[in-house]
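# Examining the three-dimensional arrangement
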Amino acid sequence: MSKYKNRKFETNAIHCGQIPEDKTGAVTTPLHMSTTYKVGFPGDESGYVYSRWSNPTRKALEEVLAELENGTDAFAYASGLASITAVLHLLDPGDHVVAVDDLYGGTHRLFERLMKKFKIEFSYVDCTNPVNFKNAIQDNTKLFWIETPTNPLLKLADIEAIVKIGKEKNILIAVDNTFATPYIRKPLDLGADIVMHSASKYLGGHCDVIGGALIVKDSELAEKLHFNQYAVGGMLAPFESWLLMRGIKTLHLRMERHSLNAMKIAEYLESVDLVDKVYFPGLDGSKVPNNMTMPGGMVSFTINADLETVKKFTMSTKLFILAESLGGVESLLNHPALMTHASIPKEIREKAGVTDGLIRLSVGIEHIDDLLIDLRLAFAAISEPVKQS
Ligand SMILES: *Cc1c(COP(=O)(O)O)cnc(C)c1O
């Protein structure tokens, strides 16, 4: 699929779509803010016409995204959720979607509170057993929505096995690859039809840009998505496209360090008495499954204490910043039940394992010693009981 067969990921991340500009020799891709373009004659659509349809800076980003995911076409959107919406726009009223039950909270909200109004039906299954997808198929099932490792419990799905089940029934398979990134796993190579990214996370990598992307390798699907991007107008702006390209140049270096740091933190957490359970793809010492080359930077764990104590822990770290989102160079700490997953009803949330004691870490690329000290001090802060008022 790749245009540059013999070139490696690291090289493509830096060079794809980003050749020095002819006119000035600029090494970094110019930021094209123009909304409209001079055409040769009335009705000339051979080049750029209007930026909602196509923009040179966005196009450069879309080229590098397509290459890194081993796709043919990529589309950049104003946010991850805008890109998910574009996938749902491929469906018709009455269609049914099978999704993982441990979904990103915003995706769940979009499905349940918005798309249901347009008569799209949703079922949610535990992704760890592919048979659950098979059992959830109905006559009107048109899309499998896979997110893995899931958020926040980092459950792993066997993408290839789920693809096999879906293909038998002509079901479109979309994978939210936000947590793994193309450096760790390429779902299109595993048979998925659409890869989706919240580029606001690892692709951008610096917590300074909101964006989303879809990558495909089928020309018919690409045409439908490009039409949608133009018709709906959820495309990414030029400056955000430029920032994302800059972030992507170091994706491989960051993912290596995120993974190493996260592994050491997961091992440390396993040794802490107050910690009940640690969720981390690489923990059992075995090779990380699911065609992932490394575990990534997310670690979740549960603290065996009441909510007040857990809250105190979340406010006791100095380097781990209490904040939503993930995937930046700085370490972040999140309390899913009260933050990212607060929009999911309590019974559903708890049934899926998102309890009041659960904490999710986005492990950054700081020095591991400093991160470990930060967590140790926070555990020390809750080792004395909290006075109930
Ligand atoms: C953040 C996130 C999204 C939504 O992306 P936005 O860029 O915030 O719209 C979707 N899926 C996952 C896994 C995410 O982490």
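Keep in mind that this is a model prediction, so the values were computed, not measured.

### Side note on unusual backbone geometry
With an omega dihedral of -5°, the bond running from threonine 148 to proline 149 counts as a cis peptide bond. For proline 149, the location among the structural elements is in the loop between strand E4 (141-147) and helix H6 (159-168). Here asparagine 151 and proline 152 are connected by a cis peptide whose omega angle stands at 10°. Its location among the elements puts proline 152 in the loop between E4 and H6. At threonine 181, a position not held by glycine, the phi torsion is positive, near 65°. Considering the arrangement of structural elements, one finds threonine 181 in helix H7 (residues 181-184). Even without glycine at this site, serine 325 takes up a positive phi of about 75°. Mapped onto the elements of the fold, serine 325 is located in the loop between strand E10 (321-322) and strand E11 (332-334).

### Here's the deal with the domain arrangement of the protein
A common way to report how large an interface is uses the accessible area buried once the components associate. Here the protein is described as being made up of domain 1 (9-248) and domain 2 (251-383). Listed per partner, the contact involves 40 residues of domain 1 and 39 residues of domain 2. With both chains or domains summed, domain 1 and domain 2 bury close to 3,100 Å², and 65% of this area falls on carbon and sulfur atoms. It is Leu153, Ile184 and Tyr202 that lose the most area in domain 1 upon contact with domain 2, and together they represent 24% of the buried surface on that side. In this assembly, domain 1 and domain 2 are joined by zero salt bridges.

Rules and cut-offs
- Residues numbered from 1 in each chain as written.
- Predicted model: local features only at pLDDT ≥ 70, side-chain atom pairs only at ≥ 80, totals over all residues.
- Heavy atoms only, no water.
- Helix = DSSP H or I, 4+ residues; strand = E, 2+ residues; numbered from the N terminus.
- Domains from an automatic or database assignment.
- Contact = heavy atoms within 4.5 Å.
- Buried area = accessible area lost by both parts, 1.4 Å probe.
- Salt bridge = Lys/Arg side-chain N within 4 Å of Asp/Glu carboxyl O.

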